[in-house]
Amino acid sequence: SYVAINTWLLYFLINVVRLEPFLAGLVFVLGRFIDAILDPVMGVISDKLKPTLGRKPFIVWGAVPFGLSFALLWLVPEGSQVFKFFVALALLTLFSIIYTVVQVPYMALTPEIAPDYDERTGLTSFRMAFGTFASLIAVAVPPLIIGVLSQTSELGKSKGSSWLIMGLIFGTICTLAYLVMALSVKEPKRTVSQTPQTSFMQEYRSAFGIFGFKSVFLLFIVVTIGLMVINSILPFFLESNLRLGASQQSVVLGLLFITAILTFPLWNVLATRAGKRFALALGLGILALAVTLLVSFASPNSLSPYLLIMTVLAGIGLSAVMLFPWAMLPDVVEFDELNTGRRREGLVYALFTFGQKLAGSLGVFSNAIVASIFGYKQGLAEQAPQTLGAIRFMAGPAAALVFAAAILIALRFPITKEAHAAVRAKLNKAKI
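In this text the structure is predicted, and so the values were computed from the model without any measurement.

1. A word on the layout of surface pockets
- By volume, the largest pocket is sized at about 1500 Å³.
- In terms of lining residues, the largest pocket is bounded by 48 residues, among which Tyr106, Arg127, Phe130, Gly131 and Ala134 are the most central.
- Elements supplying a minimum of two residues to the lining of the largest pocket: helix H1 (2-15), helix H4 (56-72), helix H5 (81-113), helix H6 (117-150), helix H7 (160-184), helix H9 (213-241), helix H12 (305-328) and helix H14 (345-373).
- It is H6 that contributes the most residues to the lining of the largest pocket, twelve residues altogether.
- Taken together, the residues that form the lining of the largest pocket break down as 36 nonpolar, eleven polar and one charged.

Quick look at the structure:
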């Protein structure tokens, strides 16, 4: 759901709903901001209710509303630009709030299920492999569904009803996925010590004092901006710059994510031997190089061998970039427990989700601003040369610069395998 929105919703709002690019980008910024401030609140609630209620009830009861709210995102409202803007904003805000209720408790299960440093990387790589397979479906399948239902290879000329049907199909899959997980995975039981009465703001501020949290939070912000710039500009780049039809776009996007899935085990092995931060830095470098070469030299109107090779290279880098920030985050939980005597997985993951939403909306909004400034023509595959140049810059050099900044942050991440093992040993000794 998250990947489908960040890849296709901007394109849908601009070319199908026919919302002005600036207003379409503003939908992301305001919708995600309204919701993002609730993420830490949900995290604190999840932590406080964990001993008695658990985290899974939020997932079970939120699964059906989650799927319905996702489907509603792909409605095409009729009316003025202002009316369309507020309808789109309301629907994205509704979905994002329900996403928070379901996803924050789900993510907080990771450090509880897998307490070991390497075990967490293994669990996260397993989860991300399936998540990336879902991302493959979310990115590559919509053009096929919409192209077939609308009987066109140009998505800008597709029918609004085709997008709604796609939303209903994906919403159903999302609901079933959450329900199967919640009803199948055993939630570890734990008791928590008496926690001091603190305000939400005090909880938030104290979280940024956890050893390593600010570093991984900043890293995640920068990585997410880069990924969302690429995600949301790809449909425009493939259609207008490379002039690929719907089925050809599915081939490129499918190859990208299949490669990412297949290389997760390799990154897992490398991280075990060389550490997570080195593996992430290497993956960021590969991805930055691949997108720069792809947008600079790929020929239009064909699935050339060069395009496919660069797509594979980008998939290798993408695999590491998707995996390691989420694998690094659980390690800060034990440092927090050592200093405070409390485990606050919900708060830690909620703040991460908060950053993900704000950074993601910033990445999408930057593309909307570029499309508006450089005169993107709605509903048309053919664009002016300056528009094509702006799209190419965002898909390649702009994203690569962001990833280069992320490399510098990743190499400075302070939590190593040895440091984490030492903290766990101290905690185990204290519990004896």
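2. What about empty space enclosed by the protein?
- Per the counting criterion, the structure on display carries three cavities of 30 Å³ or more.
- Approximately 230 Å³ is the volume attributed to the largest cavity.
- In this structure, the largest cavity is lined by 21 residues; those nearest its centre are Ile230, Leu234, Leu256, Val291 and Ala314.
- Secondary structure elements with two or more residues in the lining of the largest cavity: H9, helix H10 (246-274), helix H11 (276-297) and H12.
- Looking at the lining of the largest cavity element by element, the count peaks at six residues for H9.
- Classifying every residue of the lining of the largest cavity gives 19 nonpolar, two polar and no charged.

3. Considering the environment of leucine 289
- Of note, leucine 289 is situated in helix H11.
- Considered as a pair, leucine 289 and leucine 313 are 24 residues apart in the sequence and their alpha carbons are 8.7 Å apart.

Rules used throughout
- Note on numbering: residues in each chain are counted from 1, in written sequence order.
- In keeping with the model being predicted, local features are shown solely for residues with a pLDDT of at least 70 and side-chain atom pairs are shown and tallied solely at 80 or more, while totals for entire chains, interfaces and linings include all residues.
- Remark: hydrogens and water are excluded; side-chain values derive from all non-hydrogen atoms of the structure.
- Here the term cavity refers to a set of points on a 1 Å grid, laid over the protein atoms alone, in which a 1.4 Å probe fits but cannot get out; the term pocket refers to an open set having protein on both sides within 12 Å along at least five of seven lines, with lining residues being those that place an atom within 4 Å of a point.
- Grid points are joined across faces, edges and corners, and a volume is the space filled by probe spheres set on the points.
- Helix numbering and strand numbering both begin at the N terminus, where a helix is a DSSP run of H or I of at least 4 residues and a strand a DSSP run of E of at least 2.
- All residues other than Ala, Val, Leu, Ile, Met, Phe, Trp, Tyr, Cys, Pro, Asp, Glu, Lys and Arg, Gly among them, are scored as polar; the first ten of these are nonpolar and the last four charged.

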